[in-house]
Amino acid sequence: DTAVSQTPKYLVTQMGNDKSIKCEQNLGHDTMYWYKQDSKKFLKIMFSYNNKELIINETVPNRFSPKSPDKAHLNLHINSLELGDSAVYFCASSQSITDFEAFFGQGTRLTVV
Amino acid sequence: TQLLEQSPQFLSIQEGENLTVYCNSSSVFSSLQWYRQEPGEGPVLLVTVVTGGEVKKLKRLTFQFGDARKDSSLHITAAQPGDTGLYLCAGEARDDYKLSFGAGTTVTVRA
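Below is a summary of the structure that appears in this document. (Residues numbered from 1 in each chain as written. Chains lettered and ligands numbered in written order. Predicted model: local features only at pLDDT ≥ 70, side-chain atom pairs only at ≥ 80, totals over all residues. Heavy atoms only, no water.)

**What to know about the state of the cysteines**
Here's step 1: Scanning the model with the defined rule gives 2 disulfides over all chains in all.
Here's step 2: Covalently, A:Cys23 is tied to A:Cys91 through a disulfide, its sulfur atoms 1.8 Å apart. Looking along the S-S bond of the A:Cys23-A:Cys91 disulfide, the torsion reads about -75°, which is the left-handed sense. A residue pair is termed long-range when its members are at least 10 positions apart, and A:Cys23 in strand 3 (residues 19-25) and A:Cys91 in strand 9 (residues 87-94) qualify at 68 residues.
Here's step 3: When its relative accessible area of 1% is taken as the criterion, A:Cys23 is described as buried.
Here's step 4: Taking relative accessible area as the criterion, A:Cys91 reaches 0% and is therefore assigned buried.
Here's step 5: In this model, B:Cys23 is linked to B:Cys89 through a disulfide, with the two sulfur atoms separated by 2.0 Å. Here B:Cys23 and B:Cys89 share a disulfide; its torsion about the S-S bond, 75°, makes the bridge right-handed. Note that B:Cys23 is positioned in strand 3 (residues 19-24) and B:Cys89 in strand 9 (residues 85-91), a separation of 66 residues in sequence. (Disulfide = S-S within 2.5 Å. Helix = DSSP H or I, 4+ residues; strand = E, 2+ residues; numbered from the N terminus. Buried < 20%, exposed > 50% of the residue type's maximum accessible area, 1.4 Å probe, protein only.)

**Quick look at the environment of B:Val47**
All names here are of chain B.
Here's step 1: When you line up the elements, Val-47 lands in strand 5 (residues 44-49).
Here's step 2: Residue Val-47 is classed as buried on the basis of its relative accessible area, which comes to 9%.
Here's step 3: Measuring from C-alpha to C-alpha, the distance between Val-47 and Leu-4 comes to 17 Å, with 43 residues separating the pair along the chain.
Here's step 4: Not counting chain neighbours up to four residues away, the residues in contact with Val-47 comprise Leu-32, Gln-33, Trp-34, Lys-56 and Phe-63. (Contact = heavy atoms within 4.5 Å.)

**Describing the pattern of salt bridges**
Here's step 1: Scanning the entire structure with this criterion turns up 8 salt bridges over all chains.
Here's step 2: In this structure, A:Arg63 engages A:Glu82 in a salt bridge whose closest nitrogen and oxygen atoms are separated by 3.5 Å. With A:Arg63 in the loop between strand 6 (53-57) and strand 7 (64-70) and A:Glu82 in the loop between strand 8 (73-78) and strand 9, this pair connects stretches of sequence that are 19 residues apart.
Here's step 3: Salt bridges sharing common partners tie together A:Lys44, A:Glu58 and B:Lys98. (Salt bridge = Lys/Arg side-chain N within 4 Å of Asp/Glu carboxyl O.)

**Concerning the nonpolar core**
Here's step 1: Ranked by size, the top nonpolar core spans 22 residues in total, and within it B:Leu19, B:Leu32, B:Trp34, B:Phe63, B:Leu74 and B:Ile76 carry the most contacts.
Here's step 2: Of all the elements in the fold, those that place two or more residues in this core are strand 3, strand 4 (32-37), strand 5, strand 7 (61-65), strand 8 (71-76), strand 9 and strand 11 (105-110) of chain B.
Here's step 3: Excluding anything up to four places from it in sequence, B:Leu74 contacts B:Leu19, B:Thr20, B:Val21, B:Trp34, B:Leu61, B:Thr62, B:Phe63 and B:Tyr87.
Here's step 4: Among the nonpolar cores identified, the runner-up in size contains 20 residues, and A:Met32, A:Phe47, A:Leu76 and A:Leu81 belong to it. (Core = buried A, V, L, I, M, F, W, Y, C linked by side-chain atoms within 4.5 Å.)

**Points about the environment of A:Ser86**
Here's step 1: With respect to the secondary-structure elements, A:Ser86 resides in the loop between strand 8 and strand 9.
Here's step 2: A distance of 3.1 Å separates a polar side-chain atom of A:Ser86 from the backbone oxygen of A:Leu83. (Polar contact = N/O pair within 3.5 Å; in protein donor to acceptor, adjacent residues only side chain to side chain.)

Below is the structure:
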C-alpha cells in the first residue's frame with residue numbers, strides 16, 4: 001500500500017504544452033510538498049501546503065500552479081512548458097509543518113522536447 | 001551557495017570496506033535527517049538526529065550529529081552492494097518551515 005503516490009511516473013511532452021502531475025498520500029499527514037530534482041540530483045523545494053493552505057512558494061515561475069483539493073492531495077499544473085522544466089518532480093508529505101521527516105513519492109520524470 | 005555541503009560527492013569502494021560521508025554547514029539545525037535514494041525512486045528517510053553529539057545506529061550505519069548541531073556524518077561499516085545509492089542530508093535551519101538538502105553523495109559498493 002503506497003504511502004505517497006504520484007502519477008504519471010514518466011511524462012514526455014513538447015515545449016509550450018500544459019501538463020499536470022497528481023499526488024496523493026494515505027498517511028494522514030497535514031503537510032505536503034513539491035520538490036524538483038535537477039540533473040545533478042540536487043533537491044529543491046518548490047511548494048509546501050499545510051491543510052490545503054499554501055505555506056511556501058519558493059520563487060517558482062507562475063507557470064507552476066499547485067492545487068490542494070484536500071489535505072491528502074497536492075497536484076501540480078505546469079503551463080507553457082519550457083526545456084528547462086525537464087527534471088524529476090517529487091511529491092512528499094510530513095506529519096505537520098514543523099515535522100521535517102518527509103515521505104517521498106517515486107517521482108515524475110518530466111522531459112520537455 | 002548551498003546551506004548544507006556534502007562530501008565527498010562520489011565514493012566508490014569494494015564490498016567489505018568502510019566509508020564515511022560528511023554533511024557540513026555554518027548554520028545551526030534543530031534537527032537533521034539522512035535519506036537514501038536509489039535510481040528511479042524517491043528519497044527514503046534513514047534517520048533523524050536532534051541532540052548535539054547524538055549518535056544513532058541503524059544496523060551497519062552510524063549517524064552522528066555534531067556537538068554544535070552544524071554538521072553530521074554517516075559511517076557505513078562493512079559496506080555491501082545493497083548500500084549503493086545517493087545519500088542526502090537535510091535540515092531546517094532558519095525556522096522557515098523549509099527542508100534544505102545537501103547535494104548528495106553517490107556511493108557505489110562493488111561486489
